[in-house]
Amino acid sequence: MRQLQLMAHGEPSDVIELNTVSEPALGQEDVLITMEAAPLNPSDFLFVSGNYGVRPTFPSSVGAEGVGRVAKIGSKVDVSLRNKRVLIIPNYEQGTWADQVVVPVRNIVPMSDEADPLQLSMIGINPATAYLLLNRYVSLMPGDWIGQTAANSAAGQYIFALAKLAGVKTLNVVRRKEAAEQVRQWGGDRVVLQGDNLLKDIEEALDGKKLSLVLDSLGGAPVGELAKSLKPGGSIVVYAMLSGQFPAIPPGDLIYRGLSLHGFWLINWIRNAPRTEIEEIYQKLGDLVADGSLSSAVDHVYPLDQFKEAFKQSLKSNRSGKILFQFGGNDVAGISK
Ligand SMILES: NC(=O)c1ccc[n+]([C@@H]2O[C@H](COP(=O)([O-])OP(=O)(O)OC[C@H]3O[C@@H](n4cnc5c(N)ncnc54)[C@H](OP(=O)(O)O)[C@@H]3O)[C@@H](O)[C@H]2O)c1
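These numbers come from a predicted model, not from an experiment. (Residues numbered from 1 in each chain as written. Predicted model: local features only at pLDDT ≥ 70, side-chain atom pairs only at ≥ 80, totals over all residues. Heavy atoms only, no water.)

1. Some details on the domain arrangement of the protein
Structurally, the protein comprises domain 1 (2-122 + 272-336) and domain 2 (126-264). Both faces considered, domain 1 and domain 2 share a buried interface measuring about 1,400 Å² in area, 61% of it formed by carbon and sulfur atoms. Our count for the contact surface shared by domain 1 and domain 2 stands at zero salt bridges. Run the count over domain 1 and domain 2 and you get four residue pairs in polar contact (both at pLDDT 80 or more). (Domains from an automatic or database assignment. Buried area = accessible area lost by both parts, 1.4 Å probe. Salt bridge = Lys/Arg side-chain N within 4 Å of Asp/Glu carboxyl O. Polar contact = N/O pair within 3.5 Å; in protein donor to acceptor, adjacent residues only side chain to side chain.)

Here it is as C-alpha cells:
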C-alpha cells in the first residue's frame, strides 16, 4: 500500500515522501481501512514543521483525519463492521494520507453510506471543534450573538452553520472582501473586515447588541476588538493563532468586565471524553452532513501521487475552500470543486 511518510521536520514537499509499504499485520482489535478521502489541515502542516502539540517519530505516517471503508477486520472485531464506511478519529495514532490504513477499532466511528465522502472526511476536526466551542463555554440561547475571527476558514464555516441551526447569530471577521462575500453567501449574519476601522465596524454591525461568546483562531488585534463587545462575564475561546501574533486582549477588559479567557484543543477532548460522548457527537455531525445541513467549501481534490501540488495549493492564502486527497478513483486529477 502507498503511504505519505514524514522523514524529518521541514517544508512539506521536502520532507514527505510517497512510499510503498507492506501491509502491517492486523492485530486482533484492528481494522484495515481502504481510504476514500482525507483533508489537508493547518494542523497537519504544524505537525510536519514540528510545531504541533503531538510530535512524530520518524518515519511517521501523516494526515490526521479522513473516511474510508473497512476492508479487513481483526479476529475480535464485530463482523458487522465489514465494508462499513467509517470516520477515523483524529488522535494521531495513524496517518490518513495513504491508500490503506491499519487502525485500532476504538479509533473509528461508522458513518452513512449515503453522504458525500469528501464532506464526511472533514468532520473529525473542524465540525467537532465548532460543536464543542459552541456548547462548552456558555449556554447559548436562540437570538444570542457570537463573534469569530477567520470566519471564512473551514472551522469558521462550521461555526456559523451550527450556530444558525441553534438560532444563534454570528458576527464574522475576515481579512478579504471576497471572503466577506463568501461568508454572507454561506449564511453568516454579519461580516466585517479586519483593519483600522474594525472596532467601529463591529459596533455598527451589532447595532447595540452584545456578544455572548468570542471564538478566535487568529490572534493579534481583532479578538481584542471583538472582546470589547462582549457582555460582562462573557467568554473568549482561543483555539489557534493563524496570524502568529498573541491574542491582544486588554487585561482591563478581562478584569473589570469579568471576561473569561479559555484555550481549546480538540485532542484534549478526544483523549479525555467518554467514548460514548465522542461517538455521539461524531454521529450527530455525520447526520448533519448526510442531510445537507453541514458542509465546508472544497477548493480542490487531488490523488495521492499529486501530493506536492496538493501541499502547494493548501498552503496558499485566498483559497475558496479545503484541499483534500481523494483515493481510489481515476477521475480526481487536481479537480477544482
Ligand atoms: N485548537 C483546535 O483543536 C483546533 C481545531 C480545529 C482547527 N484549529 C485551527 O483553526 C485554524 C483554522 O483551521 P481550518 O482548517 O478551518 O483552516 P482553513 O480552512 O485552512 O482556513 C485557513 C484560514 O486562515 C486564514 N488566515 C491564514 N493566515 C491568516 C492571517 N495571517 N490573517 C488572517 N487570516 C489568516 C485564511 O484566510 P484567507 O482565506 O484570507 O487566506 C483562512 O480563512 C487553524 O489554525 C487550525 O489549526 C484548531
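2. Details of the packing of aromatic side chains
Tallied over the entire structure, the rule returns 10 aromatic pairs. Aromatic pair Y52 and W265: ring centres 5.6 Å apart, planes at 75°, arrangement edge-to-face. Remark: W265 occurs in the loop between β14 (260-263) and α10 (266-272) and Y52 occurs in the loop between α2 (42-49) and β4 (60-61); sequence separation between them is 213 residues. Relative accessible area serves as the criterion here: at 17%, Y52 is assigned to the buried category. Under the relative-accessibility criterion, W265 is labelled partly exposed at 25%. Linked through ring pairs, F45, W97, F307, F311, F325 and F327 together constitute an aromatic cluster. (Phe/Tyr/Trp six-rings, centres within 6.5 Å; stacked < 30°, edge-to-face > 60°. Helix = DSSP H or I, 4+ residues; strand = E, 2+ residues; numbered from the N terminus. Buried < 20%, exposed > 50% of the residue type's maximum accessible area, 1.4 Å probe, protein only.)

3. Thoughts on the side chain of S212
Here S212 shows up in strand β12 (residues 211-216). Side chain to side chain, S212 and K231 meet in a polar contact 3.2 Å long.

4. Here we look at helix α6 (residues 177-186)
Among all positions of α6, only A179, A180, Q182 and V183 are buried. End-on, the buried residues of α6 take up no more than an arc of 160°, which puts them together on one face. Facing away from the buried surface of α6 by more than 90 degrees, the exposed residues are K177 and Q185. Residues of α6 that are buried sit in contact with α5 (154-165), β10 (169-174) and β11 (190-193). Count one or two residues on from α6 and you reach G187, which has phi positive near 115°. (Arc of directions from axis to C-beta. Contact = heavy atoms within 4.5 Å.)

5. What about the environment of P39?
Mapped onto the secondary structure, P39 falls in strand β3 (residues 30-40). What makes P39 buried here is its relative accessible area of 0%. Along the primary structure P39 and L118 are separated by 79 residues, whereas in three dimensions their C-alpha atoms are 8.1 Å apart. Apart from the residues within four sequence positions on either side, P39 is in contact with D44, E65, G66, W97, S121, M122, I323 and L324.

6. Remarks on α2
Those residues of α2 that sit buried are S43, D44, F45, F47 and V48. Looking at the buried positions of α2, the neighbouring elements they touch are β1 (2-6), α1 (12-15), β2 (16-20), β3, β4 and α12 (307-314). Where α2 ends, the next residue or the one after it, G50, has phi of about 90°, a positive value.

7. What about the pairing of β14?
Of the strand pairs in this sheet, strand β13 (residues 230-238) and β14 are connected by four bridges, and their pairing is parallel. Across the sheet, the residue bridging to S235 is S260, located in β14. Once you follow β13 into helix α9 (residues 251-256) and on to β14, the crossover reads as right-handed. (Pairing = 2+ DSSP bridges. Right-handed = clockwise from strand over helix to strand, strands pointing away.)

8. Here's the deal with the pattern of salt bridges
As enumerated under the stated definition, the model contains 14 salt bridges in all. One salt bridge in this structure joins R176 and E178, with 3.2 Å as the shortest N-O distance. Linking E181 and R184 is a salt bridge whose minimum nitrogen-to-oxygen distance equals 3.3 Å. Of the two residues, E181 and R184 both sit in helix α6, three residues apart, roughly one turn of that helix. The class of R184 is partly exposed, set by a relative accessible area of 42%. Taken together, the shared-partner salt bridges connect E36, R69, R85 and D113 into one network.

9. Considering the nonpolar core
Core analysis: the biggest nonpolar cluster contains 86 residues, and I16, W97, W269, Y282 and F325 have the highest contact counts within it. Among the elements that line this core, the one with the most residues is α5, at seven residues. Counting contributing residues per domain, this core is built from domain 1 (2-122 + 272-336) and domain 2 (126-264), each supplying no fewer than three. In this view, I16 contacts L4, Q5, L6, V48, V62, W97, F307 and F311; residues no more than four positions away in its chain are not counted. Grouped together as the second largest cluster of nonpolar side chains are 18 residues, L171, V173, I202 and A205 included. (Core = buried A, V, L, I, M, F, W, Y, C linked by side-chain atoms within 4.5 Å.)

10. A few points about the packing of helix α4 (residues 126-136) against helix α11 (residues 275-290)
Where α4 contacts α11, the two axes come as close as 10 Å, and the packing angle between them is 110°. Compared by their axis directions, α4 and α11 come out roughly perpendicular. Between α4, through P127, A128, Y131 and L132, and α11, the contact on the second element is made entirely by I281, Y282, K284 and L285. Each residue belonging to the contact of α4 with α11 can be placed in one class, and the counts come to seven nonpolar, no polar and one charged. (Axes fitted to C-alpha atoms, helices over the stretch in contact; angles between N-to-C directions. Parallel < 35°, antiparallel > 145°, perpendicular 65-115°, else oblique. Nonpolar A, V, L, I, M, F, W, Y, C, P; charged D, E, K, R; others polar.)

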